[in-house]
Amino acid sequence: MPIIGIIGKPNAGKSTFFSALTMQNVKIAPFPFTTIEPNKGIAYVRVKCVCEEFKVKDNPRNSTCINGTRFVPIEVLDVAGLVPEAWKGRGLGNKFLDELRKSDALIHVVDASGSTDIEGRIIKPGQHDPIEDVKFIDEEITMWIYSHFQENFEKDMKRLAQEDESKVLDYMERKLSGFSITRKQIAKVLEKISKKPSQWNTEDTKNFIRMLIMEAKPILIAANKIDIPESWKNLERMREIFKDRIIVPTSAEAELALRKAAEQSIIEYLPGANDFKILKDIDEKKRNALNYIRNNVLKRFGSTGVQDAIETCYFKLLNYIAVFPVEDQNKLTDHEGRVLPDVFLVPNNTTARELAYLIHTELGDNFIYAIDVRKKQRIGADYVLKHRDVIKIVAAK
Ligand SMILES: Nc1nc2c(ncn2[C@@H]2O[C@H](COP(=O)(O)OP(=O)(O)OP(=O)(O)O)[C@@H](O)[C@H]2O)c(=O)[nH]1
Ligand SMILES: [Mg+2]
């Protein structure tokens, strides 16, 4: 299962973001380096359940279903803040970066309000330009991987130039395996570059790493602290400058406040919703705070963006889809009679047989055919699964 890492400079709101997603109590404070040791937790992505379409009452096992929406668990990681030249070890940056090795996608939490300087110290809103933060964090991630990759690279490439191309791929795979970058991802990027690796100069190699990051550790930008009005113009500017990037406006603080209020039954609120309902008599201060969130975040942006960010990361950047495996295609149950028990999150080009392997090795080995339960059609091993497919796998006993 992919891991999503939450990165950014100190004091940008990473832990607030993490806590809102996972409801784990972690240290949050208005000064840099509040987090030192990484926080690991479970967040949930929403998938429109198929229970209503099939008119069944489901009985989920690996997820929960609330009013026809499945909440499917995924893994997230909150790490310490990064400062410029982190990759060289500044502010323990190399240690903090190394904690991101296992992550498959990154959410860069940017303080869009400009109320913290480049190292996370508090200043007046609007005094710092968040564009600089996007640029420097991109550079840190690039240099972190590049600095490992370039060791002996030129020399080794000269040696491998005489050999066949698969040797180059072997070499790169070995060098990058520690960053959870796969051979397939490397090959895909190499295909796009006409110049031979043995002829690359420093800039070519850095460009290769930049392309590889887009492929293997894509970065979503969360324009955070959107509840602060100074963020609004900055968001427009960020969208203007980083046209080809995915930018999601977020208020981690608002999402955390809403989820906490819902937990205490003060309000009715589902993660990612565009509004909430007040359930209890509350004092004026609380009411004002909630109204502020309603008027300046929810009405303006459609949600707090936190849930949207994690889902965009999963379904757009990583291109995952959700499928519902069942054992009985008529009752939509597993062998214990649970209706629509599981949702599997899989890469978008996963085949029926690959799904079988994900469920159980034996099921993959003994695969005969599968059934598209919605269409009541037989499908073969190479059938490419689609989002929200309901699939039964038939295997030899
Ligand atoms: N207004 C506003 N403040 C926020 C938001 N998110 C976080 N904050 C505040 O920003 C400060 C820093 O939040 P943290 O979550 O600790 O930031 P961090 O990025 O984890 O910081 P380090 O662990 O020090 O790197 C806290 O005072 C939060 O309450 C937001 O969306 N809006
Ligand atoms: Mg933190």
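Since this is a predicted model, take the numbers as computed values, not measurements.

## Let's talk about the nonpolar core
Logical step 1: Ile4, Phe17, Ile74, Ile107 and Leu340 are the most contacted members of the largest nonpolar core, which has 42 residues in total.
Logical step 2: Formed jointly, this core draws a minimum of three residues from each of two domains, domain 1 (3-38 + 79-144 + 218-315) and domain 2 (321-395).
Logical step 3: Not counting chain neighbours up to four residues away, the residues in contact with Ile4 comprise Ile74, Glu75, Val76, Leu77, Ala105, Ile107, Ile310, Cys313 and Tyr314.
Logical step 4: Counting 39 residues, the second-largest nonpolar core is a separate cluster that includes Ala80, Phe136, Ile141 and Leu190.

## Some thoughts on the side chain of Asp133
Logical step 1: Structurally, the position occupied by Asp133 is in helix α3 (residues 130-149).
Logical step 2: Judged by relative accessible area, Asp133 falls into the buried class, the value being 1%.
Logical step 3: One polar contact links Asp133 to Lys9, side chain to side chain, over a distance of 2.9 Å.
Logical step 4: Here Asp133 is in contact with Lys9, His108, Val110, Ile118 and His128, once residues within four sequence places are set aside.

## Quick look at the site of ligand 1
Logical step 1: Among the 23 residues in the neighbourhood of ligand 1, the closest are listed as Lys14, Thr16, Thr34, Asp227 and Glu253.
Logical step 2: In this structure, an oxygen atom belonging to ligand 1 sits 3.1 Å away from a main-chain N or O atom of Ala12.
Logical step 3: Between ligand 1 and Thr34, the relevant distance is 2.7 Å, taken from an oxygen atom to a main-chain nitrogen or oxygen of the residue.
Logical step 4: Against a free-state accessible area of 650 Å², the protein chains account for coverage of 91% of ligand 1.
Logical step 5: Where the shell around ligand 1 is concerned, the elements lending two or more residues are α1 (14-22) and α9 (252-263).

## Brief notes about the coordination of the magnesium ion (ligand 2)
Logical step 1: Donor atoms from the polypeptide that bind the magnesium ion (ligand 2) are Ser15 (OG) and Thr35 (OG1), placed at 2.0 to 2.1 Å. With Ser15 in helix α1 and Thr35 in the loop between α1 and β2 (39-48), this residue pair connects regions lying 20 residues apart in the sequence.
Logical step 2: Taking the relative accessible area as the measure of exposure, Ser15 reaches 7% and is therefore buried.

## What about the side chain of Arg388?
Logical step 1: Tracing the sequence through the fold places Arg388 in the loop between β13 (377-379) and β14 (389-395).
Logical step 2: Residue classification places Arg388 among the buried residues on the basis of a relative accessible area of 17%.
Logical step 3: Residues within four places of Arg388 in sequence aside, it is in contact with Val47, Lys48, Cys49, Val50, Glu53, Ala322, Phe324 and Arg374.

## With respect to the sheet that holds β13
Logical step 1: Taken together, the 5 strands give an open sheet; going across it, the order is β11-β10-β14-β12-β13, and neighbouring strands pair in mixed fashion. Pairing within the sheet leaves two strands with one partner each, and these edge strands are β11 (344-347) and β13. Here the average twist between neighbouring strands, direction ignored, is 40 degrees.
Logical step 2: As paired strands, strand β10 (residues 320-326) and β11 are joined by 4 bridges and run antiparallel to one another. Each residue of the ladder has a partner; that of Val323, found in β11, is Phe344.

## Here we look at the packing of α1 against helix α11 (residues 306-317)
Logical step 1: Between α1 and α11, whose axes approach to 10 Å, the crossing angle comes to 85 degrees. Judged by the inter-axis angle, α1 sits roughly perpendicular to α11. Within the contact between the two elements, α1 uses Phe17, Ala20 and Leu21 and α11 uses Val306, Gln307, Ala309 and Ile310.
Logical step 2: Split by residue class, the contact of α1 with α11 holds 6 nonpolar, 1 polar and no charged.

## Observations concerning helix α5 (residues 165-176)
Logical step 1: Along its 12 residues, α5 runs 17 Å from first to last C-alpha, staying within 8% of the 16 Å computed at 1.5 Å per residue.
Logical step 2: Residues of α5 that are buried: Val168, Leu169, Tyr171, Met172 and Leu176. The buried residues of α5 occupy an angular sector of 160 degrees when projected down its axis, which confines them to one face.
Logical step 3: Where α5 is buried, its residues meet α3, α4 (153-160), α6 (183-191) and α7 (202-216).

## Comments concerning the domain arrangement of the chain
The parts lose accessible area when they come together, and the size of an interface is often stated as this lost area.
Logical step 1: Domains assigned within the chain are domain 1 (3-38 + 79-144 + 218-315) and domain 2 (321-395).
Logical step 2: Inter-centroid distance (C-alpha atoms) of domain 1 to domain 2 is 36 Å.

## Topic: the state of the cysteines
Logical step 1: Throughout the structure, instances matching the rule amount to 0 disulfides.
Logical step 2: Just so you know, Cys51 is unpaired, no disulfide at all, and the nearest cysteine sulfur is the one on Cys49, 3.7 Å from it.
Logical step 3: Look at Cys51 and you get buried, because its relative accessible area is 7%.

## A closer look at unusual backbone geometry
Logical step 1: Although it is not a glycine, Ser265 adopts a positive phi angle of roughly 55 degrees.
Logical step 2: Among the structural elements, Ser265 can be located in the loop between α9 and β8 (267-268).
Logical step 3: Taking relative accessible area as the criterion, Ser265 reaches 41% and is therefore assigned partly exposed.
Logical step 4: Positive phi, close to 60 degrees, is recorded for Leu332, a residue that is not glycine.
Logical step 5: With respect to the secondary-structure elements, Leu332 resides in the loop between β10 and β11.
Logical step 6: On the accessibility criterion, Leu332 (3% relative accessible area) is buried.

## Remarks on the pattern of salt bridges
Logical step 1: Across all of its chains, the model carries 27 salt bridges by this definition.
Logical step 2: Here Asp58 makes a salt bridge to Arg70, at a shortest N to O gap of 3.0 Å. One end of the pair, Asp58, is in the loop between β2 and β3 (64-66); the other, Arg70, is in strand β4 (residues 69-78), with 12 residues separating them in the sequence. Here the two residues Asp58 and Arg70 agree in accessibility, since each one is buried.
Logical step 3: Linking Asp334 and Arg338 is a salt bridge whose minimum nitrogen-to-oxygen distance equals 2.9 Å.
Logical step 4: Ionic contacts of the salt-bridge type, sharing partners, join the residues Arg90, Asp117, Glu119 and Arg121 into one network.

What counts and how
- Residues numbered from 1 in each chain as written.
- Chains lettered and ligands numbered in written order.
- Predicted model: local features only at pLDDT ≥ 70, side-chain atom pairs only at ≥ 80, totals over all residues.
- Heavy atoms only, no water.
- Core = buried A, V, L, I, M, F, W, Y, C linked by side-chain atoms within 4.5 Å.
- Buried < 20%, exposed > 50% of the residue type's maximum accessible area, 1.4 Å probe, protein only.
- Domains from an automatic or database assignment.
- Contact = heavy atoms within 4.5 Å.
- Helix = DSSP H or I, 4+ residues; strand = E, 2+ residues; numbered from the N terminus.
- Polar contact = N/O pair within 3.5 Å; in protein donor to acceptor, adjacent residues only side chain to side chain.
- Near = heavy atom within 4 Å.
- Areas by Shrake-Rupley, 256 points an atom, 1.4 Å probe, with all protein chains shown as cover.
- Donors = N, O, S within 2.8 Å, 3.2 Å for Na, K, Ca; no water.
- Pairing = 2+ DSSP bridges.
- Axes fitted to C-alpha atoms, helices over the stretch in contact; angles between N-to-C directions.
- Parallel < 35°, antiparallel > 145°, perpendicular 65-115°, else oblique.
- Nonpolar A, V, L, I, M, F, W, Y, C, P; charged D, E, K, R; others polar.
- Expected span 1.5 Å × (residues − 1).
- Arc of directions from axis to C-beta.
- Disulfide = S-S within 2.5 Å.
- Salt bridge = Lys/Arg side-chain N within 4 Å of Asp/Glu carboxyl O.

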